[in-house]
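Residue-level structure breakdown
Listed here are the chains, written in short residue letters.
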Amino acid sequence: MIKSYQNFDLSGHNTFAMKVKCGCFMEYDAAADIPFIFSSIRKDIDVIHIGGGSNLLFTADFPGIVLHSAIRFIRETGREGNTVFVEAGSGVVMDEFISHLCSRGLWGLENLSGIPGEVGASAVQNVGAYGVEAADAIVSVNTFDTLNNEFVTIPASDCSYGYRDSIFKRPGYKGRYIIHSVTFRLSAIPTPDISYPALRDSFATPPSTPAEVREAVIKVRDSKLPDPATVPSAGSFFKNPVISSSQFDRVKEAAGDLAVPHYDAEGGIKVPAAWLIDQCGWKGYSDGNVAVWHLQPLVIVNPERKATPAEVIGLEKRIIDSVSSRFGITLSPEVEHI
Ligand code: EPU
């Protein structure tokens, strides 16, 4: 079934709680609805597809059509030894999916517990936390190709997964493939990854169920990140930059006596954006209706639900400028600006 609403208020569909409207909001609950929707939309109308709206900043009203999947099923599709394949509809809330897997004793996604957003978007954004990324468990992404008008299953190996990245974000692909479900590979035997320091410290003995890991992850998240139910934000606002060794030398020089946290990454050295922003004094900063979260400076918050897109963009720019002038690194937003 397709539901459609004109001149729709999107504040309940973006976790930043931006009060913006779209020309039309359309929600569907079956893959078979997608070809019908695309055959009936005029070609001159802008269309975007959103998930849980947890990684978006609407910078203004959106005059076109906003699509949202309400496809919400979870089903086991097969087993090979200890590996269990589970397919989930794109509109399933990721954390509800993970809770379901943990209650069935299936390992693989428990480190992503508490992550906001929906299953379809997790396959676009390759969400990650505490050493695990969605792509580690994705087998295939089941889509409708709006260009060739056909349903296509794309294996994870063709999705070009990287840090918060996939083909679904690239020009030519973005907006072309509508994800209706995602198939994941889980393990029926323990495969805990508690290598992330705060998580490791939560266990005196190795966890024996994914539910134990889930509980520990949620505790760590709650101690650092704002509760999406009460403090609107879009999670990490900036990506952790990957820089060259000469840029890293410049950061070390600017840091003086301070040790610069860093990790080896594909293509260079990864420095936590949180650290760079923290060093520029932004933690806990607030101005008008926007603020920088006092426990994790990567997160811009809208505590009173009154911030305008212009206020968020203004703060974003000031943070980028200050990190750039102190460390010579230009931060990129992780949050998609629409
Ligand atoms: N740090 C500071 N000051 C702070 C907080 C952190 O200097 O107030 C420095 C510390 O050196 C710390 C480092 O930043 O070791 C990394 O911090 P943290 O472990 O909290 O992780 P992060 O790199 O800042 C990433 C993801 C988060 C995810 C966590 C945990 C990105 C952009 N963010 O944050 O994802 O929850 O790791 O795995 O990659 C999200 O995407 O919305 C998100 C919250």
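Just so you know, these numbers come straight off a predicted model, no measurement behind them.

For the rest of this paragraph, the subject is unusual backbone geometry. A positive phi is found at N126, a non-glycine position, where the angle reads about 45 degrees. For N126, the location among the structural elements is in the loop between α3 (119–125) and β8 (128–129). N126 gets classed as buried once you look at its relative accessible area, which sits at 0%. The residue R164 is not glycine, and still its phi comes out positive at about 50 degrees. Looking at where R164 falls in the secondary structure, it is placed in the loop between β11 (150–155) and β12 (177–187).

Around the ligand sit 24 residues in total, of which Y130, Y163, Y196, D278 and K283 are the nearest. A distance of 3.5 Å is found between an oxygen atom of the ligand and a side-chain nitrogen or oxygen belonging to K224. Within the side chain of K283, an N or O atom sits 2.8 Å from an oxygen atom of the ligand. Compared with its free state, where it exposes 820 Å², the ligand has 81% of that area covered by protein. Where the shell around the ligand is concerned, the elements lending two or more residues are β8, β13 (233–236) and α7 (273–279). In terms of residues, the shell around the ligand owes the most to one element, α7, which gives 3 residues. Residue classes in the shell around the ligand are distributed as 14 nonpolar, 5 polar and 5 charged.

So, how was this worked out
- Residues numbered from 1 in each chain as written.
- Predicted model: local features only at pLDDT ≥ 70, side-chain atom pairs only at ≥ 80, totals over all residues.
- Heavy atoms only, no water.
- Helix = DSSP H or I, 4+ residues; strand = E, 2+ residues; numbered from the N terminus.
- Buried < 20%, exposed > 50% of the residue type's maximum accessible area, 1.4 Å probe, protein only.
- Near = heavy atom within 4 Å.
- Polar contact = N/O pair within 3.5 Å; in protein donor to acceptor, adjacent residues only side chain to side chain.
- Areas by Shrake-Rupley, 256 points an atom, 1.4 Å probe, with all protein chains shown as cover.
- Nonpolar A, V, L, I, M, F, W, Y, C, P; charged D, E, K, R; others polar.

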